[in-house]
Amino acid sequence: MEYQVLYIKVIGGFPGKECILVGLKSGNVFEIFIDSSFPVQLAKLPGAIRNVDLSMYRQKLAVIDENMTLFVYNVKTGDLIFQEPNANSVAWNSSYEDMLAYSGGGNLSIKVSNFPPQKQRLQVREIKSNQ
């Protein structure tokens, strides 16, 4: 890759057709299949990539940039489906194509299809040392 790789996620696939997602400092997101020497560009954002995930049927791409903004794209058309500020991490549901979970701003949010996200406040427990 011509720019620094900031995020990698193994997506898997059929034997011999597995792939990984790669997020670069340049803002590019690539899908790389192990049986091909040509990466497929899925998105280009203006800032560095912090987190990436692809939905179950590889129809939707979720990307978090260096400004902690979550972008969800339709992979086939490149259209922006959804955008949310203050996101730290994101993951698609592995059993339901249209269910997405993300965290940020002290909340865990779950978004299903075109419905508004449901948010729940995260409780952070402090771990005390015995020292």
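Here, the structure is the one placed above.
Residues numbered from 1 in each chain as written. Predicted model: local features only at pLDDT ≥ 70, side-chain atom pairs only at ≥ 80, totals over all residues. Heavy atoms only, no water.

(A) Fine view of the environment of Ala-87. Tracing the chain through its elements places Ala-87 in the loop between β8 (80-84) and β9 (89-92). On the accessibility criterion, Ala-87 (0% relative accessible area) is buried. Counting along the chain gives 27 residues from Ala-87 to Lys-60, while the straight-line C-alpha distance between them is 17 Å. In contact with Ala-87, other than residues within four places in its own chain, are Ile-64, Met-68, Leu-70, Ser-103 and Gly-104. (Helix = DSSP H or I, 4+ residues; strand = E, 2+ residues; numbered from the N terminus. Buried < 20%, exposed > 50% of the residue type's maximum accessible area, 1.4 Å probe, protein only. Contact = heavy atoms within 4.5 Å.)

(B) Inspection of unusual backbone geometry at higher detail. You will see that Met-68, though not glycine, has its phi angle at about 65°, which is positive. Secondary-structure assignment places Met-68 in the loop between β6 (60-65) and β7 (70-74). For Met-68, a relative accessible area of 28% gives the class partly exposed. Phi is positive for Asn-86, close to 60°, though the residue is something other than glycine.

(C) Main features of the packing of aromatic side chains. Tallied over the full model, the rule gives two aromatic pairs. Between the aromatic rings of Phe-82 and Tyr-102, the centroid separation amounts to 6.2 Å while the plane-to-plane angle is 50°, which identifies the pairing as tilted. Within this pair, whereas Phe-82 is found in strand β8, its partner Tyr-102 is found in strand β10 (residues 99-104), the two being separated by 20 residues in sequence. Given a relative accessible area of 13%, Phe-82 falls into the buried group. Residue class for Tyr-102 comes out buried when judged on its relative accessible area of 3%. The residue whose ring lies beneath Lys-111 is Phe-82, and the NZ or CZ to ring-centre distance is 4.7 Å. (Phe/Tyr/Trp six-rings, centres within 6.5 Å; stacked < 30°, edge-to-face > 60°. Lys NZ or Arg CZ within 6 Å of the ring centre and 35° of its normal.)

(D) Local environment of the nonpolar core. If you look at the biggest cluster of nonpolar residues, it comprises 12 residues: Leu-21, Val-29, Leu-42, Ala-43, Leu-45, Ile-49, Val-52, Leu-54, Leu-61, Val-63, Phe-71 and Tyr-73. For this core, the elements supplying multiple residues, two or more each, are β4 (40-44), β5 (49-54), β6 and β7. Take this core: its biggest share by element is three residues, from β5. Not counting the four nearest positions on each side in its chain, Ile-49 is found in contact with Leu-6, Gly-23, Leu-24, Gly-27, Asn-28, Val-29, Val-63, Ile-64 and Asp-65. In terms of nonpolar packing, the next biggest core, distinct from the first, is built from 10 residues, Ile-64, Val-72, Ala-87 and Val-90 among them. (Core = buried A, V, L, I, M, F, W, Y, C linked by side-chain atoms within 4.5 Å.)

(E) The pattern of salt bridges, seen in detail. In total, this model carries five salt bridges according to the counting rule given. A salt bridge links Glu-31 to Arg-58; its shortest N-O distance comes to 3.9 Å. Here Arg-58 lies in the loop between β5 and β6 and Glu-31 lies in strand β3 (residues 28-33), a separation of 27 residues in the sequence. One salt bridge in this structure joins Glu-84 and Lys-119, with 3.0 Å as the shortest N-O distance. (Salt bridge = Lys/Arg side-chain N within 4 Å of Asp/Glu carboxyl O.)

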